[in-house]
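# Results of the structural survey
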Amino acid sequence: MVNGVGQMRSWRRIANVALAVLLALPLGLMLQGAQQEDWVLADALPPSGEAAALIMFAAMAIGPLARLAGGRSEAVRWLMRRRRNIGVVAFAYAALHLGIYIVDMGAFDLMLAEIGAPGIWTGWLALALMALPAAASNDRAMRFLRGWWKPVQRLVYPVVALTLVHWAILMYGWREPLVHVAPMLALYAAAVIRPLFARKRTDR
Amino acid sequence: MKASLSLRLAAALMGAGLACASGTALAHGNVTCNAGPKENWKSLDTLKAKMTAEGWKITKAHPNKDCYEVYGITPEGDKVESFWHPVTLEKRLVLRRGQVLYKAP
Ligand code: HEM
């Protein structure tokens, strides 16, 4: 018994470290890329954006995963407890992405000149909307917002829509963004569809 | 209930983004220069020298398929991505964040 609990603890510790390494990996790859001879700062724009998007999709996938798995699995509960921090890390990468953009552009009027480009305003709006759930991701904000907390978190849906358009325009194609978002959307779809079937069965 | 509001907002923004994006046409993927064999290409440095003389500020330049692709700031002060013919060094396409600023006839 004691042994079992001990095993559980070490299981969690390994999982925590693995998660931290996974979340820091994009940053590591970006720093490694920066060692290349012909590297320019703008080269860090796609990887930082991609990290923000992927980690956001991952955080969003946990909810439907938990619903499909049922709340009892130890691993799923572990994931649910980390969901909020994973979302905040996604926002941190988005903020880094914006920081890189600002430094790369280097001048306010250059940024202003292209703010009307669909690839750019979608990014700004996505970041602005994303900032709200990120700012609300702590216990104090949760208590303060009460019933509004959920609607604020749900602003990630429009953020996803904007991110997909942003990505497709700036990287010239729909394949990349759609391939990356597909698993998360599939989990949502499965979580919505499954109860429908379950209800049918009990009706009969 | 509230979920459907944010989903509707998502759909509306997606629609607005797509409507705007349809004008930008994801143009870069199919840019070609028909430049022929590489032996006849002028060097990238020749192109850079020509562009600098014309008032461009260059950040990065490399061959992309059969064009030269150059990132930088135009003489007019726009930060862009541009494509050049490797033999004639003629300007083919200038894009700012997916928007076409110049396209060779
Ligand atoms: C102030 C807001 C933003 C600005 C100005 C901005 C700017 C940019 C730029 C200029 C690029 C293209 C880089 C290139 O052509 O090499 C880019 C790519 C990208 N951005 Fe943003 N962005 C913003 C916000 C966001 C947000 C909030 C997300 C997602 C959560 C995001 C996700 C992406 C992705 C996924 C890519 C493409 C990455 C790839 O293809 O690997 N961006 N962004």
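Attention in this report is confined to the structure presented alongside it. Computed from a predicted model, the values in this text were never measured in an experiment.

Another point: the state of the cysteines. All names here are of chain B. Enumeration according to the criterion identifies one disulfide over all chains in this entry. Through a disulfide, Cys33 is tied to Cys67; the S-S separation comes to 2.1 Å. Because the torsion about its S-S bond is 110°, the bridge between Cys33 and Cys67 counts as right-handed. Here Cys33, found in the loop between helix H1 (2-24) and helix H2 (44-54), pairs with Cys67, found in strand E2 (residues 67-73); they are 34 residues apart in sequence, far enough to count as distant. For the residue pair Cys33 and Cys67, the accessibility class agrees, reading buried in each case.

Here we come to the coordination of the iron atom of the ligand. Residue and element names in this part refer to chain A. Protein coordination at the iron atom of the ligand comes from His97 (NE2) and His166 (NE2), with a distance range of 2.0 Å. Geometry at the iron atom of the ligand is octahedral, judged from the six donor atoms that bind it and their angles of 84 to 180° at the metal. Here His97 is found in helix H3 (residues 74-105), whereas its partner His166 is found in helix H8 (residues 156-170), with 69 residues between them in sequence.

Time to look at the interface of chain B and chain A. In this complex, chain B contributes 28 residues to the contact, which on the side of chain A involves 31 residues. Buried area between chain B and chain A, both sides added, is near 2500 Å², and the carbon and sulfur share of it is 74%. Where chain B touches chain A, the interface holds three salt bridges. With a closest N to O distance of 2.6 Å, Lys60 of chain B and Asp43 of chain A form a salt bridge.

This part covers the layout of surface pockets. Its boundaries defined by the atoms lining it, the largest pocket holds a volume of some 1200 Å³. Considering the residues around the largest pocket, the lining is formed by 46 residues, among which Leu45, Pro46, His97, Leu170 and Met171 of chain A are closest to the centre. For the lining of the largest pocket, the elements supplying multiple residues, two or more each, are helix H2 (45-69), H3, helix H5 (118-135) and H8 of chain A together with strand E1 (57-64), E2, strand E3 (79-84) and strand E4 (91-96) of chain B. It is H2 of chain A that contributes the most residues to the lining of the largest pocket, eight residues altogether. Class assignment of the residues belonging to the lining of the largest pocket gives a composition of 24 nonpolar, 12 polar and 10 charged.

Note: strands within a sheet are paired through backbone hydrogen bonds, in either parallel or antiparallel orientation. Residues and elements named next belong to chain B. Strand order in the open sheet formed by five strands is E1-E2-E3-E4-E5, and the pairing between neighbours is antiparallel. Whereas interior strands pair on both sides, the edge strands pair on one side only; in this sheet they are E1 and strand E5 (99-103). Each neighbouring strand pair of the sheet contributes to a mean axis angle of 20°, computed without reference to strand direction. Lying over the sheet, H2 contacts E1, E2 and E3, oriented at roughly 150° with respect to E1.

Residues Leu22, Leu25 and Leu29 of chain A make up a contiguous nonpolar surface patch of roughly 310 Å² in combined accessible area. With respect to the element layout, Leu22 of chain A can be found in helix H1 (residues 2-33).

Here we come to the pairing of E4 of chain B. Residues and elements named next belong to chain B. Relative to E4, E3 is paired through four bridges, and the arrangement is antiparallel. Residue Trp84 lies in a different strand from E4, and its bridge partner there is Lys91. Here E4 runs beside E5; their pairing, made up of four bridges, is antiparallel. Bridged to Val94 within E5 is Tyr102. Connecting E4 to the antiparallel partner E5 that follows it, the hairpin turn spans two residues, and Arg97 within it adopts a positive phi of roughly 50°.

The subject of this paragraph is the packing of aromatic side chains. All told, the structure shown has five aromatic pairs over all chains when counted by the stated rule. Both rings, one in Trp11 of chain A and one in Trp78 of chain A, keep their centres 6.3 Å apart while their planes meet at 65°; by these two values the pair is edge-to-face. Taken as a pair, Trp11 of chain A in helix H1 and Trp78 of chain A in helix H3 lie far apart in primary sequence, 67 residues in all. Among the residues examined, Trp11 of chain A registers a relative accessible area of 35% and is labelled partly exposed. With a centroid separation of 6.4 Å and an interplanar angle of 80°, the aromatic rings of Tyr101 of chain A and Trp124 of chain A are classed as edge-to-face. Of this pair, Tyr101 of chain A sits in helix H3 while Trp124 of chain A is found in helix H5, placing the two residues 23 residues apart along the sequence. Sitting over the ring of Tyr102 of chain B, Lys91 of chain B keeps its end group 4.5 Å from the ring centre.

Near the ligand there are 20 residues, and of these Glu50, His97, His166, Trp167 and Met171 of chain A occur at the shortest range. Residues lining the ligand come from chains A and B. A distance of 2.7 Å separates a nitrogen atom of the ligand from a polar side-chain atom of His97 of chain A. Trp167 of chain A places a side-chain nitrogen or oxygen 3.0 Å from an oxygen atom of the ligand. The site holding the ligand turns out to be the largest pocket. Among the elements of the structure, H2, H3, H5 and H8 of chain A are those that each provide at least two residues to the shell around the ligand. The element best represented in the shell around the ligand is H2 of chain A, accounting for six residues. Of the residues assigned to the shell around the ligand, the class counts are 13 nonpolar, five polar and two charged.

Conventions we followed
- Sequence order sets the numbering: in each chain, residues are counted from 1 along the sequence as written.
- For naming, the first written chain is A and the first written ligand is 1, with later ones following in the order written.
- With the structure being a predicted model, the display of local features is reserved for residues of pLDDT at least 70 and the display and counting of side-chain atom pairs for 80 or more, all residues being used for whole-chain, interface and lining totals.
- Remark: hydrogens and water are excluded; side-chain values derive from all non-hydrogen atoms of the structure.
- The term disulfide is used for any two cysteine sulfur atoms that are within 2.5 Å.
- Segments assigned H or I by DSSP are reported as helices when at least four residues long, segments assigned E as strands when at least two residues long, and all are numbered from the N terminus.
- Between buried and exposed lies partly exposed: a residue is buried under 20% and exposed over 50% of the maximum accessible area for its type, with that area taken using a 1.4 Å probe on protein chains only.
- For Na, K and Ca the donor cutoff is 3.2 Å, while for all other metals N, O and S atoms must lie within 2.8 Å; water is not among the atoms, so some sites may look incomplete.
- Any coordination sphere not matching a tetrahedral pattern (four donors, all angles between 85 and 135 degrees) or a square planar or octahedral pattern (four or six donors, opposite donors over 155 degrees apart, other angles between 65 and 115) is reported as irregular.
- Whether two residues touch is decided by their heavy atoms; if any such pair falls within 4.5 Å, the residues are in contact.
- Once two parts are joined, some of their accessible surface, as seen by a 1.4 Å probe, is lost; buried area is that loss totalled over both.
- We define a salt bridge as a side-chain nitrogen of Lys or Arg found within 4 Å of a carboxyl oxygen belonging to Asp or Glu.
- A pocket, in this scheme, is an open set of points on a 1 Å grid over the protein atoms alone with protein on both sides within 12 Å along at least 5 of 7 lines, while a cavity is a set where a 1.4 Å probe fits but cannot get out; residues line either one if an atom lies within 4 Å of a point.
- Grid points are joined across faces, edges and corners, and a volume is the space filled by probe spheres set on the points.
- All residues other than Ala, Val, Leu, Ile, Met, Phe, Trp, Tyr, Cys, Pro, Asp, Glu, Lys and Arg, Gly among them, are scored as polar; the first ten of these are nonpolar and the last four charged.
- The pairing criterion is simple: DSSP has to find at least two bridges between the two strands.
- Between N-to-C directions, angles cover 0 to 180 degrees, with each direction set by a line fitted to C-alpha atoms, over the stretch in contact for helices.
- Like-charged residues are merged into a patch within 9 Å and nonpolar side chains (Val, Leu, Ile, Met, Phe, Trp, Tyr) within 5 Å, provided each residue has over 30% relative accessible area and no salt bridge.
- Residue exposure ignores everything except the shown protein chains as possible cover, and the areas themselves are Shrake-Rupley values with a 1.4 Å probe.
- For this analysis, a ring pair means two rings from Phe, Tyr or Trp (six-membered ring only for Trp) whose centres lie within 6.5 Å, classed as stacked if their planes differ by under 30 degrees, edge-to-face if by over 60, and tilted for the remaining angles.
- In our convention, an over-ring charge means Lys NZ or Arg CZ found within 6 Å of a ring centre and within 35 degrees of that ring's normal.
- For this description, a residue counts as near a given molecule or strand if any of its non-hydrogen atoms is within 4 Å of it.
- For the purposes of these results, a polar contact is taken to be a pair of N or O atoms within 3.5 Å, where, inside protein, one atom must be able to donate a hydrogen and its partner to accept one; residues adjacent in sequence count only when each atom of the pair is a side-chain atom.
- To be counted as sitting in a cavity or pocket, a molecule needs more than half of its atoms within 2 Å of that site's grid points.

So far we have only geometry, and geometry alone does not tell us how the molecule works.
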